[in-house]
Amino acid sequence: MRDLEGKAETKPATIGATPDGATDEQSASRQVRQMFSDIAPRYDLLNHVLSANVDRLWWWQAARTFRPILARPEARVLDLCCGTGDMSFALHKRAGGSGAQILGADFAHPMLVRGKQKDEARGSHLRWLEADALHLPLRDASFDLVTAAFGFRNLANYDAGLREIARVLRPGGECGILDFSEPQGMVGVGYRFYFKYVLPTVGGAISGDRKAYEYLPRSVERFPAPAEMVERMKRAGFARAEWSPYTFGIAGLYRGWK
Ligand SMILES: C[S@@+](CC[C@H](N)C(=O)[O-])C[C@H]1O[C@@H](n2cnc3c(N)ncnc32)[C@H](O)[C@@H]1O
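Keep in mind that this is a model prediction, so the values were computed, not measured. (Residues numbered from 1 in each chain as written. Predicted model: local features only at pLDDT ≥ 70, side-chain atom pairs only at ≥ 80, totals over all residues.)

Participant: What's the story with helix α8 (residues 210-222) in this structure? I'm lost.
Facilitator: Each α-helix turn comprises 3.6 residues. Residues three or four places apart therefore point the same way. Given a rise of 1.5 Å per residue, 13 residues ought to cover 18 Å, and the 19 Å separating the end C-alpha atoms of α8 matches this to within 8%. Within the span of α8, buried status applies to Ala 212, Tyr 213, Tyr 215 and Leu 216. The elements touched by buried residues of α8 are α1 (25-50) and α7 (185-207). (Helix = DSSP H or I, 4+ residues; strand = E, 2+ residues; numbered from the N terminus. Expected span 1.5 Å × (residues − 1). Buried ≥ 20, exposed ≤ 12 C-beta atoms within 10 Å, placed from the backbone. Contact = placed C-beta atoms within 7 Å.)

Participant: Help me understand the site of the ligand, please; the structure alone is not making it clear to me.
Facilitator: Surveying the vicinity of the ligand reveals 22 residues, the closest of which are Cys 81, Gly 83, Ala 108, Ala 133 and Gly 151. Its residues assigned to classes, the shell around the ligand comprises 13 nonpolar, five polar and four charged. (Near = placed C-beta within 6 Å. Nonpolar A, V, L, I, M, F, W, Y, C, P; charged D, E, K, R; others polar.)

Participant: Quick question: what am I supposed to make of the packing of helix α2 (residues 54-65) against helix α4 (residues 86-95) here?
Facilitator: The relative placement of two packed helices comes down to the angle between their axes together with the axis-to-axis distance. With their axes 9 Å apart at the nearest point, α2 and α4 run at an angle of 45° to one another. For the element pair α2 / α4, the angle class is oblique. For the pair α2 and α4, the crossing hand works out as right-handed. For the pair formed by α2 and α4, the contact residues are Trp 59, Trp 60, Ala 63 and Arg 64 on the first element and Asp 86, Met 87, Ala 90, Leu 91 and Arg 94 on the second. Of the residues that constitute the contact of α2 with α4, the class distribution is six nonpolar, no polar and three charged. (Axes fitted to C-alpha atoms, helices over the stretch in contact; angles between N-to-C directions. Parallel < 35°, antiparallel > 145°, perpendicular 65-115°, else oblique. Left-handed = near helix turned anticlockwise from the far one by under 90°.)

See the structure below:
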């Protein structure tokens, strides 16, 4: 990894998200939950403004990947770290009335409340669960597909998160983790400038919480690079894992097969 001046930096040994001041996994989780609870009222607006609506394309593209599973009437799908539900809604739309059951789970209550309000307005009738992705109150081998969009990177322990996903997946089930990545070359330089300077300023001004938008680029820096993440997925119990870049590698989809 290189910083804006081109100096080489060493990526820290990654275990999980560590917001400023967090001393252990519990305090990291608490801070992440509080941060998303605080920004929940402005989350959707900021998402669309800061990504120039490209986020919609990424959810749609990820959901399309899982069309064969979503088309099965008996399919059970868990969308982890669902926030206000946009990935869950994209999965529902792609299922197209097949009967696949979609459950959105998140541990920040205000994010879920907004997700449920959107659900009622759309008449999608999804299911919602307030739960920590690291300790899911769900049975082993009970889902055909587990997704997480822009949430997995916030877990306090990535390996524990992957093991929990593998635990709730049925044999033959799939997981799809959509998250930011650090693109290389000139795109990377522009991306780092935007993430480090523009995003905290604009995000902070609209949300009133600059810290939350300073945390975002740091969390992406700390997140394992795709090759390492794929290895971690295999170690966590996935027979096969791969990563596909989206939009010059600004984001990407990790797929894992149990
Ligand atoms: C950036 S938002 C993404 C929301 C949504 N998936 C999207 O694409 O817009 C990250 C979400 O992950 C949730 N989250 C982070 N860590 C979590 C955990 N350990 N358990 C459950 N939810 C978690 C946060 O509460 C937040 O709603």
